[in-house]
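In case you want the letters, here they are:
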Amino acid sequence: MKRYYAPFAAGVVIFICCLPLLSMFYNSITADGTIDLSAYREILSESRQQTLFLRSIFVALGATVLASIFGVVIGFTIVKLKGMISAVMEALVIIPLVIPSVVIAMGWVFVLGQEGIVKNIFGFTVNIFTPVGSAFILSLCYFPFVVVLTVQGLRSVSPTIVKSAELSGTRWQVFWFILRPILTPYIMTGAFLVFLFSLSDYGVPSVLMVNVYPVEIFTQLSAYYDVKKAVAFCLPLMTVVAAVYILKLLTVRAQSFETVGVVAKSDEQTKKAPYLLVIAALLILGASVFVPIVQLIVTAGSFSNYGNAIKTAGDQIVVSIWVSVLGTLLMLVMGVILSLAYKSLGKLSRIWCDIILFLTLIIPGSVIGLGIIFLYTKNVWPVESLYPSAWIVAYGSAVKYIALIVFVLMAEFSSLRSGIFRSAEISGASRIQIFWKITLPLVAPSIIIAGGLAFMLSMGELSASVLINPPGYMTIPVRIASLLHFGEDSIVASLCIILCALIFWMFLLLALLLRRFVRVRLGV
């Protein structure tokens, strides 16, 4: 029976995560107990949908191209630099990924708007409320994916190979014939993640009033109550992502992620980074974090406005923290179970598991939220027992982001050698003892990282929470969205800064925990 534990555990977690999606899909293809595909036929036949489709693809592709350029520039800069500067830049580059995209978008709206710094200093405004503006903001939100993978690829290259190539060729030849083939799978994977998140992002297009698929889906749900059509809009999203994923596989099919050597930390490792490269990297980091945050602080004004913001949304701040704790707990439990089970699954089961996890990232949070509401109205357990409470909002965040947590944990769990556990079993250790005394200490750094990431993502989740938050359980992002067009700019900016401060303290705590764990492990 032991061999069935892993598939059963993985199946339970996958079912819990996909239950809202399955309920919405079933609801979209049935009517009065019969098959009804009218919503899908309507989408394929409407001329308006062609414009919506092209705009969504343009925004996602534009964000992907810009993010890839930004990511490669910063990735090369981090590897070229040495010491503390490189480490600080590598830590800072993660911040745009954990700050909610709606906050970055709001910061740039205040920068380029009627009362922004550009208007006050230069006397003109820039129309950011366009698909181009949306692509630019999205690229600033998601370029860290490309940075992290580019750095990983560059550090896998032995400096000896590069130096040998430089003796007989120019820098351009070294890049094109040596580095490019090695970096291609890393950059393409990062670009695919940027495209995936940009295509399903709701926060940035909604702030900039750019109608793309996630915004249209939310409109169909909230304004027209057309559930079938809203879910049918997910079909183009899934089709496009599947096509891009296949293209990525075909592009990098001849490449691999194998390392070429181990990069030693020595003076011979790299040359000094060109000043132009450093300046470009600093400008990109400034545009993604420094500029919007500073503008939000300026817009927030005096400390009294923060007091007013806390009075306005004090309950939402407490709810957001509590929901994030619960969401982190759910994601860690499900992530650990699925990561442990994944290693024991067969090849076909792993493929299906990957596909399902990708679906949770592709499907907009508004569809997930409506799926949860549908399950509650049908009294489906355990959803009906979670409502109304903070658990229902945490469940929505967990379904939306569980894939990222699993991917973080899966890499660490997959690297564990089975021989260690077999030796423990021979010595008479139970499964619980093996997990608690062997597995958990080995994967503790990844669990800490996954937990911090889950907390920060839950803190900024908007698209699902805006639909499913019960009375008394509204979160900060939902409160910001409700005040966006009807509240004072100072209050909205203050709430954005408070949200960033909470995420920053979690980020700092995460860094301290990792540092302490490493020091304990090394006996320092």
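Residues numbered from 1 in each chain as written. Predicted model: local features only at pLDDT ≥ 70, side-chain atom pairs only at ≥ 80, totals over all residues. Heavy atoms only, no water.

What follows covers the overall build of the protein. Of the regular secondary structure elements, the protein holds 26 helices and 2 strands. Taken over 524 residues, the protein has a buried fraction of 50%. For the protein, the share of sequence-separated contacts (at least 6 apart) that also reach a separation of at least 24 residues comes to 83%. When the accessible surface of the protein is totalled, it reaches about 25,600 Å², and 69% of it is carbon and sulfur. (Helix = DSSP H or I, 4+ residues; strand = E, 2+ residues; numbered from the N terminus. Buried < 20%, exposed > 50% of the residue type's maximum accessible area, 1.4 Å probe, protein only. Contact = heavy atoms within 4.5 Å. Areas by Shrake-Rupley, 256 points an atom, 1.4 Å probe, with all protein chains shown as cover.)

Each pair of packed helices gets described by two things: the angle between the helix axes and the distance between those axes. The N-to-C vectors of helix H17 (residues 303-342) and helix H25 (residues 476-483) enclose an angle of 145 degrees; their axes lie 8 Å apart at closest approach. Where H17 abuts H25, its residues Thr-312, Ala-313, Gln-316, Ile-317 and Ser-320 lie against Ile-476, Pro-477, Arg-479 and Leu-483. (Axes fitted to C-alpha atoms, helices over the stretch in contact; angles between N-to-C directions.)

Residues other than glycine seldom take positive phi values, yet Met-209 does so here, at roughly 55 degrees. Checked against the element boundaries, Met-209 lands in the loop between helix H12 (203-208) and helix H13 (213-222).

With 12 residues, helix H9 (residues 144-155) should cover 16 Å at 1.5 Å per step; its first-to-last C-alpha distance of 16 Å lies within 8% of that length. In terms of burial, H9 is largely enclosed, as 9 of its 12 residues are buried. (Expected span 1.5 Å × (residues − 1).)

Turning next to the packing of helix H3 (residues 47-80) against helix H8 (residues 131-142). The interhelical angle for the contact between H3 and H8, taken along N-to-C directions, is 40 degrees, at an axis separation of 8 Å. In terms of orientation, H3 lies oblique with respect to H8. Helix-helix and strand crossings are classified by hand; for H3 and H8 the assignment is right-handed. Contact residues: H3 offers Arg-55, Phe-58, Val-59, Gly-62, Ala-63, Leu-66, Ala-67 and Phe-70, while H8 offers Pro-131, Val-132, Ser-134, Ala-135, Phe-136, Leu-138, Ser-139 and Leu-140. Grouping the amino acids of the contact of H3 with H8 by side-chain chemistry returns 12 nonpolar, 3 polar and 1 charged. (Parallel < 35°, antiparallel > 145°, perpendicular 65-115°, else oblique. Left-handed = near helix turned anticlockwise from the far one by under 90°. Nonpolar A, V, L, I, M, F, W, Y, C, P; charged D, E, K, R; others polar.)

A separate point is the environment of Gly-71. Summarising the element assignment, Gly-71 is placed in helix H3. The spacing of Gly-71 and Val-148 is 77 residues in sequence and 8.0 Å in space, taken between C-alpha atoms. Residues in contact with Gly-71, not counting those within four places in the same chain, are Phe-143, Val-146, Val-147 and Thr-150.

With the rule as written, the count across this model stands at 7 aromatic pairs. On the numbers, 5.9 Å between centres and 65 degrees between planes, the contact of Phe-504 with Trp-505 is edge-to-face. One aromatic cluster is present, built from ring pairs that chain together Tyr-142, Phe-145 and Phe-197. (Phe/Tyr/Trp six-rings, centres within 6.5 Å; stacked < 30°, edge-to-face > 60°.)

This brings us to the state of the cysteines. Cysteine pairs can be covalently joined through their sulfur atoms, and such a bond is termed a disulfide. A complete count under the given rule lists 0 disulfides for this structure. Of the cysteine sulfurs around Cys-17, a residue in no disulfide, the closest is that of Cys-18, at 6.4 Å. When its relative accessible area of 3% is taken as the criterion, Cys-17 is described as buried. Accessibility expressed as a relative area gives 10% for Cys-18, which makes it buried. (Disulfide = S-S within 2.5 Å.)

With respect to the helices, strands and loops of the structure, Thr-30 is situated in strand S1 (residues 30-31). Looking at Thr-30, the relative accessible area reads 11%, which means it is buried. Sequence spacing of Thr-30 and Lys-228 is 198 residues, and the spatial spacing of their C-alpha atoms is 8.9 Å. Excluding its chain neighbours within four sequence positions, the residues that come into contact with Thr-30 are Ile-35, Asp-36 and Lys-228.

On to the nonpolar core, then. Counting 165 residues, the largest nonpolar core has Ile-74, Met-106, Trp-108, Ile-137, Phe-143 and Leu-296 as its most contacted members. Considering every element that reaches this core, the biggest residue donor is helix H21 (residues 390-414), with 16 residues. Counting residues domain by domain, this core receives three or more from each of domain 1 (1-34 + 304-524) and domain 2 (57-296). Apart from the residues within four sequence positions on either side, Trp-108 is in contact with Ile-128, Phe-136, Ile-137, Leu-140, Ala-287, Val-291 and Pro-292. (Core = buried A, V, L, I, M, F, W, Y, C linked by side-chain atoms within 4.5 Å. Domains from an automatic or database assignment.)

Looking at the protein as a whole, the pLDDT averages 79, with 85% of positions reaching at least 70. Low pLDDT, under 50, characterises residues 257-270; the stretch is placed with 26 contacts to residues that sit more than four places away or in other chains. (pLDDT = per-residue confidence, 0-100.)

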